[in-house]
Amino acid sequence: MLITLMVVVGLVVLVLLWVVAIYNGLVRQRNEVKNAWAQIDVQLKRRHDLIPNLVETVKGYATHERGTLDAVISARAKAVNTHGVANQAVAEGELSQALGRLMMVVENYPDLKANQNFLALQEELTSTENRIGFARQFYNDSVMKYNTVIESFPQNVVAGSFGFQRAEHFELQDAAQREAPQVKFS
Amino acid sequence: MWEAIRSNQRRSLWLIAVMGTLLVALGIVIGLTVDMVLLFNPLQAVKTGLETGHVATFQEQLWEARGSALIGAGIALLVWGLLYLSAVTSGDSILLSSARAREIRREDAPQLWNIVEEMTIAAGLGRMPRIFIIDDASLNAFAAGYDPNRAAVAVTSGLLKSLNRDELQGVLAHEIAHIRNHDVRFMTLAAIMLGTIVMLAHFLLRAMFYGGQGRRGSSRQTGGGAQILMIAVALLFAILAPLLAQVLYFATSRRREYLADASAARFTRYPEGLASALEKIQRRPGVAADTNQAVAPMFIINPLQAERSLVRLFSTHPPTAERIRILRSMSGAGFQAYEEAYRAARKSGRCIGAQTLAAESDAVTIRTASVQTAEDTPLSRGEAVERVLDHALPFVVLTCGCGTKLKLPPGWKRPTAECPRCGRQHEVPKAQTAQVLGVAAALGVATAATRAAEAATPAESPAKSAADRPARYTRRGRGWESFQCTCGHPVQLSPNFTASTIGCPKCRRRIQIIDATAEASGT
């Protein structure tokens, strides 16, 4: 009797330990996804902060490009006020396009392209676009790993009962944007 | 990516285990040799032999010397442990100071800083590595640091000057991949083990050489068979152990280079960046003034090694040409694409663990090149001079489909030229040679060829009748072709050219291109 009881208690303890291990693993992975998202967020903010400076600099030289500049400003304003992975992806995709158009226009102003301040901004912008791309790549990798884990047995049982939810991928809507975003300067 | 690290670690554990066994065995052999050969007293042995009426066999003598064997093993491990501790606690600072690296701040090199930050994000490192610059004109880079979160990368100032943004990104991605894959930590561990083994083997040989001299005669007299056997074993060990350890170490080091290349391609999603950087580095490696053997495996290309070294077993890095070829033949930027390219290039073996390949579900596409402004990369004086010379001297310049520029000297006689990079054959365009001869004439270089050309051209000058001739050209084949426009300017057609007209680069006239092969099949 005592032996049976001990065996049962032992088994229960083992199962509990096992559940705890799975739960901790899931939490670790979820935090990894969260961290990866925070990194994207940091880079997006960095881009938002760069834009006013860039617009100011371009304005001084390219006086005839009001439309393009306004498009960038409004796209930025929209992106700043958007929340949620999917919505943000759309807004940021639009901002990327507006920036791309601005950079194409800039080609016509050799004085601007020789401006030291503009060159520094341009490097910052290129780097920021790269960082967004790389952060997104890393985030999506983490999300894929996390989603695979929650859906596979036996983790899905634990994940289901503790309310772990699938994470969303961060995909920019335009097919051309799917490649790591590159602002081209030539 | 994580699986890559894990399978890396498993493989590394194997290596460490084998090398550790070698180290301990070497220690035991040293202990036994010291006990049985160097401290062996023939007179005492003869005396005990007479007293007991029994001469100790080899096995018995080994058993007698077991204490010394243990001490030997202990000393071997102790030496390794001490060296290892000193490397872990101050290894990277020794490395960096021996390479005369200075740490930079963001303002010193904003682009380099940005690129390192980008790669830190791409690799998902917890902390950005410290950045060092080595003031040296050679092209190289390395990673250091025992802990991935307290790592450092160093680049030479020459590298910073001669690579563009994409190439620099490729190189730093490779270095950060080394940090990410825990290569620095592991290679330190293994390198120190290797060093200890080599050192102990050297000690053993020396000890036998000096110790053996004094007693060679006496051991022969007593017929110490066991001693001779022990000397043979010790000799074999002293020679084979370091060799084996080196082969193991170098094989692992090379594998890690490939893996770092694959990771770099995946991080940047632009294999061409690293490939073209490697090509530039290979072309002008330039041994850094005080590069020593210890630092060598950490560099992106081994600075001490001649590329055509026959003994490939003993090199820390795979042949650069092969690394470039693999990177260039990748169909995507992911691990799977690298693995395919690796197998195609090497015809055997695997590079990346199966788990890593399986974990990568969707194909990773290669991104487009980021084009730089001219202001970003100012020409060095050498490059500027080279460019001027290119224009002034009568060279024929062909651009190959793979991007290489072939520069043919004025005296080029053969009708074709081979691209040194991809091996494509190029027809040497006649018009360009003609133009070159013109330049040569203008410079006053009257060569035999110019004279022959003058004799061959009819009296009428091309410029006079230019306007009358119809602007059309019939293609002879599918290769590189060139002809003279009616204005006299050379026009070149690449093998990829398919359109029906081409504009003359000088007079802007449209020239009709008739495809001879197409026409032939049409009629």
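Keep in mind the model is a prediction, meaning the values are calculated, not measured. (Residues numbered from 1 in each chain as written. Chains lettered and ligands numbered in written order. Predicted model: local features only at pLDDT ≥ 70, side-chain atom pairs only at ≥ 80, totals over all residues. Heavy atoms only, no water.)

A.B. asks: What's the story with a nonpolar patch on the surface in this structure? I'm lost.
C.D. replies: Where nonpolar side chains cluster on the molecular surface, the patch consists of Leu2(A), Ile3(A), Leu5(A), Met6(A), Val7(A), Val9(A), Leu11(A), Val13(A), Leu14(A) and Leu17(A) and spans about 1,000 Å² of accessible area. In this structure, Met6(A) sits in helix H1 (residues 2-61). (Patch = residues over 30% accessible without salt bridge, like charges linked within 9 Å, V, L, I, M, F, W, Y side chains within 5 Å. Areas by Shrake-Rupley, 256 points an atom, 1.4 Å probe, with all protein chains shown as cover. Salt bridge = Lys/Arg side-chain N within 4 Å of Asp/Glu carboxyl O. Helix = DSSP H or I, 4+ residues; strand = E, 2+ residues; numbered from the N terminus.)

A.B. asks: Explain the sheet that holds strand S9 (residues 472-475) of chain B to me, please; I cannot follow it from the model alone.
C.D. replies: Across a sheet, strands are paired by hydrogen bonds formed along the backbone, either parallel or antiparallel in direction. Residues and elements named next belong to chain B. If you trace the 3 strands from one edge of the open sheet to the other, you get S9-S13-S12, paired in mixed fashion. Edge positions in the sheet fall to S9 and strand S12 (501-503), since each of these pairs with one other strand and no more. Direction aside, the axes of adjacent strands within the sheet are offset by 30° on average. By the bridge criterion, 4 bridges tie S9 to strand S13 (residues 510-515) in an arrangement that is parallel. In the strand pairing of S13, arginine 472 is matched with glutamine 512. (Pairing = 2+ DSSP bridges. Axes fitted to C-alpha atoms, helices over the stretch in contact; angles between N-to-C directions.)

A.B. asks: I'm lost on the nonpolar core in this one. Help?
C.D. replies: Note that soluble globular proteins tend to have their nonpolar side chains buried in a common cluster. Core analysis: the largest hydrophobic core is formed by 75 residues, its most contacted members being Tyr139(A), Leu112(B), Leu159(B) and Tyr338(B). When residues in this core are grouped by element, the largest group, 9 residues, is from helix H5 (residues 116-151) of chain A. Once residues within four sequence positions are removed from consideration, Leu112(B) is found in contact with Ile104(B), Ile131(B), Ile133(B), Val155(B), Leu160(B), Leu168(B) and Leu172(B). Counting residues in hydrophobic clusters, the runner-up holds 38 residues, among them Ile16(B), Leu38(B), Phe186(B) and Leu189(B). (Core = buried A, V, L, I, M, F, W, Y, C linked by side-chain atoms within 4.5 Å. Buried < 20%, exposed > 50% of the residue type's maximum accessible area, 1.4 Å probe, protein only. Contact = heavy atoms within 4.5 Å.)

A.B. asks: Is there a simple way to explain the pattern of salt bridges in this structure?
C.D. replies: Once the charged atoms of two side chains with opposite charge are near each other, the side chains can pair. Counting across every chain of the model gives 23 salt bridges over all chains. Linking Glu129(A) and Arg47(A) is a salt bridge whose minimum nitrogen-to-oxygen distance equals 2.8 Å. Within this pair, whereas Glu129(A) is found in helix H5, its partner Arg47(A) is found in helix H1, the two being separated by 82 residues in sequence. Arg47(A) shares its class with Glu129(A); the two are buried. Residues Arg105(B) and Glu107(B) are paired through a salt bridge, measuring 4.0 Å at the closest nitrogen-oxygen approach. Of the two residues, Arg105(B) and Glu107(B), neither departs from the other in class, the shared state being exposed. Three or more residues joined by partner-sharing salt bridges are found here, namely Arg46(A), Glu124(A), Arg131(A), Arg106(B) and Glu117(B).

A.B. asks: Which parts of the structure should I look at to understand helix H10 (residues 271-283) of chain B?
C.D. replies: Over its 13 residues, H10(B) extends 19 Å from the first C-alpha to the last, a length consistent with the 18 Å expected when each residue adds 1.5 Å. For H10(B), the set of buried residues is Pro271(B), Gly273(B), Leu274(B), Ala275(B), Ser276(B), Ala277(B), Leu278(B), Glu279(B) and Ile281(B). (Expected span 1.5 Å × (residues − 1).)

A.B. asks: Explain the packing of helix H11 (residues 320-328) of chain B against helix H12 (residues 335-346) of chain B to me, please; I cannot follow it from the model alone.
C.D. replies: Angle between the axes and distance between the axes: these two values describe a pair of packed helices. All names here are of chain B. Relative to each other, H11 and H12 sit at 130°, their axes nearing to 8 Å. Relative to H12, the element H11 lies oblique. Classified by chirality, the crossing of H12 by H11 is right-handed. The segment H11 lies against H12, with Glu322, Ile326 and Leu327 engaging Tyr338, Ala341, Tyr342, Ala345 and Arg346. Residues that form the contact of H11 with H12 fall into these classes: 6 nonpolar, no polar and 2 charged. (Parallel < 35°, antiparallel > 145°, perpendicular 65-115°, else oblique. Left-handed = near helix turned anticlockwise from the far one by under 90°. Nonpolar A, V, L, I, M, F, W, Y, C, P; charged D, E, K, R; others polar.)

A.B. asks: Looking at this model, I keep getting lost on the packing of aromatic side chains. Mind explaining?
C.D. replies: The geometry of an aromatic ring pair is captured by two quantities: the separation of the ring centres and the angle between the planes. This structure, assessed with the given rule, holds 5 aromatic pairs over all chains. Within the aromatic cluster, the residues linked to one another by ring pairs are Tyr23(A), Phe162(A) and Phe164(A). (Phe/Tyr/Trp six-rings, centres within 6.5 Å; stacked < 30°, edge-to-face > 60°.)

A.B. asks: In this structure, what is going on with unusual backbone geometry? I would like to understand it.
C.D. replies: Residues other than glycine predominantly adopt negative phi, and peptide bonds predominantly adopt the trans conformation. Residue and element names in this part refer to chain B. Here histidine 182, not a glycine, exhibits a phi torsion of approximately 60°, which is positive. Along the chain, the position of histidine 182 falls in the loop between helix H7 (165-180) and helix H8 (183-221). In this structure, arginine 269 takes a positive phi of about 55° despite not being glycine. Mapping arginine 269 onto the fold places it in the loop between helix H9 (225-268) and H10.

A.B. asks: Where do I start with the side chain of Glu167(B) in this structure?
C.D. replies: Residues and elements named next belong to chain B. Position of glutamate 167 relative to the elements: it lies in helix H7. On the basis of relative accessible area, glutamate 167 is assigned to the buried category, the value being 6%. Of note is the side chain of glutamate 167, whose polar atom sits 2.9 Å from the backbone nitrogen of asparagine 164. Not counting chain neighbours up to four residues away, the residues in contact with glutamate 167 comprise Ser162, Gly273, Ser276, Ala277 and Lys280. (Polar contact = N/O pair within 3.5 Å; in protein donor to acceptor, adjacent residues only side chain to side chain.)

A.B. asks: Where do I start with the sheet that holds strand S4 (residues 152-156) of chain B in this structure?
C.D. replies: Residue and element names in this part refer to chain B. As summarised here, the arrangement of the 4 strands in space is S1-S2-S4-S3, forming an open sheet in which the pairing is mixed. The open sheet has two free edges, formed respectively by strand S1 (101-103) and strand S3 (141-144), since each of these has just one partner strand. Strand-to-strand, the axes of this sheet are offset by a mean angle of 25°, without reference to chain direction. The pairing of S3 with S4 spans 4 bridges and is classified as antiparallel. Considered in S4, the bridge of alanine 144 is made with alanine 152.

A.B. asks: What should I look at first to understand the confidence of the model for chain A in this one?
C.D. replies: Reading predicted coordinates in detail is not appropriate for stretches of low pLDDT. Residues and elements named next belong to chain A. For chain A, the average pLDDT comes to 81, and 92% of its residues sit at 70 or higher. Of all secondary-structure elements in chain A, the lowest mean pLDDT belongs to helix H4 (residues 110-114), at 77, while H1 reaches the highest, 87. Low pLDDT, under 50, characterises residues 174-181; the stretch is placed with 23 contacts to residues that sit more than four places away or in other chains. (pLDDT = per-residue confidence, 0-100.)

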